[in-house]
Each structure stands twice: as C-alpha cells, then as structure tokens.
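Letter by letter, the chains look like this.
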Amino acid sequence: MAEFFRILYWIAMIGMSISLVAVTVGIFAIGFKFIKDKRKGLGAGCIVFSILAAAMIVFMVNHTFIIPAS
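This is a predicted model, so every value here is computed, not measured. Throughout, a residue's number is its position along its own chain's written sequence, starting from 1. The predicted nature of this model means local features are confined to residues of pLDDT at least 70 and side-chain atom pairs, given and counted, to a pLDDT of 80 or more, with totals for whole chains, interfaces and linings taken over all residues. Side-chain measures here rest on the full set of heavy atoms in the structure, leaving out hydrogens and waters.

Undergrad: It is not clear to me how helix α1 (residues 2–36) should be interpreted in this structure. Could you clarify?
TA: Each turn of an α-helix holds 3.6 residues, which means side chains three or four residues apart point in the same direction. Helix length check: α1, at 35 residues, gives a terminal C-alpha distance of 52 Å against a target of 51 Å (1.5 Å per residue), a fit within 8%. Within α1, burial applies to Met 13, Ser 17, Thr 24, Gly 31 and Phe 34. The contact criterion used is simple: two residues touch if any of their non-hydrogen atoms lie within 4.5 Å. A helix here means a DSSP run of H or I that spans at least four residues, while a strand means a run of E at least two residues long, and both kinds are numbered starting from the N terminus. Along its buried surface, α1 packs onto α2 (40–66). Looking one or two residues past α1, Lys 38 carries a phi angle of roughly 70 degrees, positive in sign. Given the number of residues in a helix, its expected span is that number minus one, multiplied by 1.5 Å. Exposed residues in this analysis have more than 50% of their type's maximum accessible area, buried residues have under 20%, and partly exposed residues fall in between, with area computed by a 1.4 Å probe over protein chains only.

Undergrad: Please clarify how the UniProt feature "transmembrane region" (unreviewed entry) in the protein should be interpreted in this entry.
TA: UniProt positions are given in the numbering used here, feature names are shortened, and annotations may be inferred rather than shown by experiment. Residues given the UniProt feature "transmembrane region" (unreviewed entry) here are residues 6–30 and 42–67. For residues 42–67, the end-to-end C-alpha separation is 36 Å, with 96% helix and 0% strand making up the annotated structure.

Undergrad: Is there a simple way to think about the side chain of Ser 17 in this case?
TA: Along the chain, Ser 17 turns up in helix α1. Under the relative-accessibility criterion, Ser 17 is labelled buried at 9%. When sequence neighbours within four positions are dropped, the list of residues in contact with Ser 17 reads Met 60, Val 61 and Phe 65.

Undergrad: What should I look at first to understand the packing of aromatic side chains in this one?
TA: For any pair of aromatic rings, geometry is given as the distance between the ring centres together with the angle between the planes. Two aromatic rings, drawn from Phe, Tyr or Trp (for Trp, its six-membered ring), form a pair once their centres lie within 6.5 Å of each other, and the interplanar angle then sorts them: stacked below 30 degrees, edge-to-face above 60, tilted otherwise. This model, assessed by the stated rule, comprises three aromatic pairs. Seen from their ring centres, Phe 4 and Phe 5 are 5.6 Å apart, and the 65 degrees between their planes marks the pair as edge-to-face. For Phe 4, a relative accessible area of 45% translates into the label partly exposed. What makes Phe 5 partly exposed here is its relative accessible area of 47%. Between Phe 28 and Phe 32, the ring centres sit 5.1 Å apart and the planes meet at 80 degrees, which makes this aromatic pair edge-to-face. Of this pair, Phe 28 and Phe 32 are both found in helix α1, four residues apart, which corresponds to roughly one turn of the helix. Using a relative accessible area of 32% as the deciding quantity, one classes Phe 28 as partly exposed.

Following this line, the structure appears as structure tokens:
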C-alpha cells in the first residue's frame, strides 16, 4: 500500500509542476498583451510576477526531483 501512495505522490507532483508551468507561461504571455494594450504597469507586473514564479518553480523541482531528501 505504501508503494501505491508513493506512485500517487509522484504523479501528483509531476501534474502540479506541469500545471504551474502552464499558468506561469500564460501570465507571462498576458503581460505582453497588456503592454501592447497600453497598460504598461499591469503588463510589467505580470511579467515580473511570472519570472519570480518561474524561479520558485525551478527551486521546487530541484528540491523535489533532483536534490535527494535527507
């Protein structure tokens, strides 16, 4: 039973990582749309937010999948 939950955990982590990346890319793209629509402050905020979110996703993936837990 423990092995089953371990598999479910990894499936959930991979799914969550993919969905977070998709949302972050979407916010980044919307930022450029806002800049084109003369809403420069909102567009810049979206772009900065998505860059920070991407950095946090990279740290999460490195901690979860690459760096072994001690």
